[in-house]
Amino acid sequence: MEHIIEVKQLTKAFTYYKKDTGIIHSFKNLIHRNSLTKMAVEDVSFSIRQGEMVGFLGPNGAGKSTTLKMLSGILHPTSGSATVMGYTPWKRHKDFKQQFSIVMGQKSQLWPDLPAADSIYLNKCIYQVEQDSYQRTLDELTDMLGVRDLLHVQVRRLSLGERMKMELIASLIHRPKLLFLDEPTIGLDLLAQKAIRQFLRHYNEQTNATIILTSHYMKDIEDLCPRVILIQGGRITYDGELQDVNAEYGDKRIMKLQFHEHVEREILLPFGNVLHHDGITAVIELESSNIADSSRQLLELLPVSDVLIAEIGAEEGIEALFQRQS
Ligand SMILES: Nc1ncnc2c1ncn2[C@@H]1O[C@H](COP(=O)(O)OP(=O)(O)OP(=O)(O)O)[C@@H](O)[C@H]1O
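The name an unreviewed UniProt entry gives the protein chain is ATP-binding cassette domain-containing protein, with Paenibacillus agilis as the organism.

Turning our eyes to something else, we now look at the overall build of the protein chain. Within the protein chain one finds 12 helices and 13 strands. For the protein chain, the proportion of contacts with a sequence separation of at least 24, taken over those separated by at least 6, is 71%.

Now for the site of the ligand. Residues in close proximity to the ligand total 13 residues, the closest being Phe 14, Ala 40, Asn 60, Ser 65 and Thr 66. Those elements giving two or more residues to the shell around the ligand turn out to be strand S1 (3–18), strand S2 (34–49) and helix H2 (64–71). Looking at the shell around the ligand element by element, the count peaks at 3 residues for H2. Among the residues forming the shell around the ligand, the class breakdown is 4 nonpolar, 7 polar and 2 charged.

With that settled, consider the sheet that holds strand S13 (residues 304–311). As summarised here, the arrangement of the 4 strands in space is S11-S12-S10-S13, forming an open sheet in which the pairing is antiparallel. Only two strands of the sheet have a single neighbouring strand rather than two, namely strand S11 (273–277) and S13. Taken over all neighbouring pairs, the strand axes of this sheet differ in orientation by 20 degrees on average, direction set aside. Two elements, strand S10 (residues 252–259) and S13, share 7 bridges in a ladder whose sense is antiparallel. The residue bridging Phe 259 from the neighbouring strand is Val 304, located in S13. Its contacts with the sheet place helix H11 (residues 291–301) against S10, strand S12 (281–287) and S13, and it is angled at close to 165 degrees to S13.

Quick look at the nonpolar core now. Membership of the largest hydrophobic core comes to 63 residues, with the highest contact counts inside it found for Ile 169, Ile 173, Ile 211, Leu 213 and Cys 225. The greatest single-element share of this core, amounting to 6 residues, is contributed by helix H6 (residues 160–172). With residues up to four places along the chain from it excluded, the contact list for Ile 211 reads Met 53, Leu 179, Leu 181, Leu 200 and Asn 204.

A word on the confidence of the model for the protein chain. Confidence along the protein chain averages 87 in pLDDT terms, with 90% of residues attaining 70 or more. When mean pLDDT is compared element by element in the protein chain, strand S4 (residues 79–84) scores highest at 96, while helix H12 (residues 314–323) scores lowest at 59. Scoring of the predicted complex yields 0.74 for pTM and 0.96 for ipTM.

What follows is about H2. Summarising burial for H2: 7 of the 8 residues are buried, a large majority. Within two residues after H2, Gly 73 carries a phi angle of roughly 85 degrees, on the positive side.

One full turn of an α-helix is made of 3.6 residues, so residues set three or four places apart face in the same direction. Here helix H5 (residues 131–145) spans 21 Å end to end across 15 residues, near enough to the 21 Å set by a 1.5 Å rise per residue. Buried-residue contacts for H5 involve helix H4 (116–126), H6 and helix H7 (190–207). The first or second residue beyond H5 is Gly 146, which carries a positive phi of 65 degrees.

With that settled, the discussion passes to the packing of H5 against H6. Between H5 and H6, the least distance of the axes is 10 Å, while the angle of their chain directions is 155 degrees. The angle between the axes of H5 and H6 places the two elements in the roughly antiparallel class. Note on packing geometry: the crossing formed by H5 with H6 is right-handed. Along the contact surface, H5 presents Leu 141, Thr 142 and Leu 145, while H6 presents Lys 165, Leu 168, Ile 169 and Leu 172. Here the contact of H5 with H6 is composed, by residue class, of 5 nonpolar, 1 polar and 1 charged.

This next bit is on the environment of Ile 5. Within the secondary structure layout, Ile 5 lies in strand S1. Taking the C-beta count within 10 Å as the criterion, Ile 5 has 21 such neighbours and is therefore assigned buried. Here the alpha-carbon distance between Ile 5 and Phe 46, two residues 41 residues apart in the chain, equals 7.9 Å. Among all residues touching Ile 5, those that are not within four sequence positions of it are Ser 47, Ile 48, Leu 71 and Val 84.

Attention shifts here to the packing of H4 against H6. Contact pair H4 / H6: the axes reach a minimum separation of 8 Å and the direction vectors enclose 20 degrees. Between H4 and H6, the angle is such that the two are roughly parallel. You can see that H4 and H6 cross each other, and the crossing is right-handed. Between H4, through Ala 116, Ser 119, Ile 120 and Asn 123, and H6, the contact on the second element is made entirely by Met 166, Ile 169 and Ala 170.

With a phi angle near 50 degrees, Arg 175 is a residue other than glycine that sits in the positive phi range. When you line up the elements, Arg 175 lands in the loop between H6 and strand S6 (178–182). Assessed through the 18 C-beta atoms surrounding it within 10 Å, Arg 175 is described here as partly exposed. Even without a glycine there, the phi angle at Glu 183 is positive, about 55 degrees. With 20 C-beta atoms packed within 10 Å, Glu 183 lands in the buried category.

So, how was this worked out
Residues numbered from 1 in each chain as written. Predicted model: local features only at pLDDT ≥ 70, side-chain atom pairs only at ≥ 80, totals over all residues. Helix = DSSP H or I, 4+ residues; strand = E, 2+ residues; numbered from the N terminus. Contact = placed C-beta atoms within 7 Å. Near = placed C-beta within 6 Å. Nonpolar A, V, L, I, M, F, W, Y, C, P; charged D, E, K, R; others polar. Pairing = 2+ DSSP bridges. Axes fitted to C-alpha atoms, helices over the stretch in contact; angles between N-to-C directions. Core = buried A, V, L, I, M, F, W, Y, C linked by C-beta atoms within 7 Å. Buried ≥ 20, exposed ≤ 12 C-beta atoms within 10 Å, placed from the backbone. pLDDT = per-residue confidence, 0-100. Expected span 1.5 Å × (residues − 1). Parallel < 35°, antiparallel > 145°, perpendicular 65-115°, else oblique. Left-handed = near helix turned anticlockwise from the far one by under 90°.

This is how it looks when you write it as structure tokens:
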């Protein structure tokens, strides 16, 4: 199977300006602005094959959306390279745009005052889908999702779950080979989440479309994604089978530390794998056999105000990594 996505050392740094408050500082800000850099994605590399369903996971602010935006061509990277279906996404080649779709659970592409059918038809025109193929795909998708009767209802009158189903139809009407789903089940009740998951599995089996999914719901990932890529603080911390997360973390523990003064990352390095560090909080992965010694030394040595040690199983491991503060 060929690789549909190849990402090499992809990095995205955002520059923004620190603004101090107060009148005097406002004037100072006009003359001199303090620029700060946020490494949203750092040195990320992975490859994905046609037909794979991959969970792209990480806590808030980990860099998931930024990575997906680069892979969809919405953002330019600071450095590194990516090839998606043979194209460099940010060059925005017309043929590239025809072959993928991005669905963001938190952003609607449907016109709220119009029925979903109109927005779907608009996509048919944008993607220049032939009438026959459009009708066939529309029938198939509306049947699979059980929303045929709702196509002509104003979008703002639909429930969240119904709206998401329409979003999926609008995104798939041109039969993309690749689908990026950014939190497709966010805010949905359990039944609606299940319906979306069943649909995605079925759609993947039927069409062999590649699906990359970000979600904070572990059930989405367990149901759909044999493979997961974990990203934290902009860096990949795990890439492999979901079922092997256990083996990876089985004899390890996660220690979450909160400091009441700034602590340099270097001081933490001898204790284990520093998964996250922002000066005031840190998350370290340690061998479970070292936990007692390491906790004692860390408490003696550093200005620790809070410490939490968590066991890491497969789901718990991922959740513990999720809960880490950025
Ligand atoms: N335009 C921007 N300017 C400055 N910083 C940004 C910008 N966009 C994102 N960031 C920062 O980059 C980091 C990664 O953001 P990103 O949205 O990719 O995270 P995420 O993993 O998708 O998080 P979430 O699960 O909360 O959606 C965050 O710290 C965020 O504040």
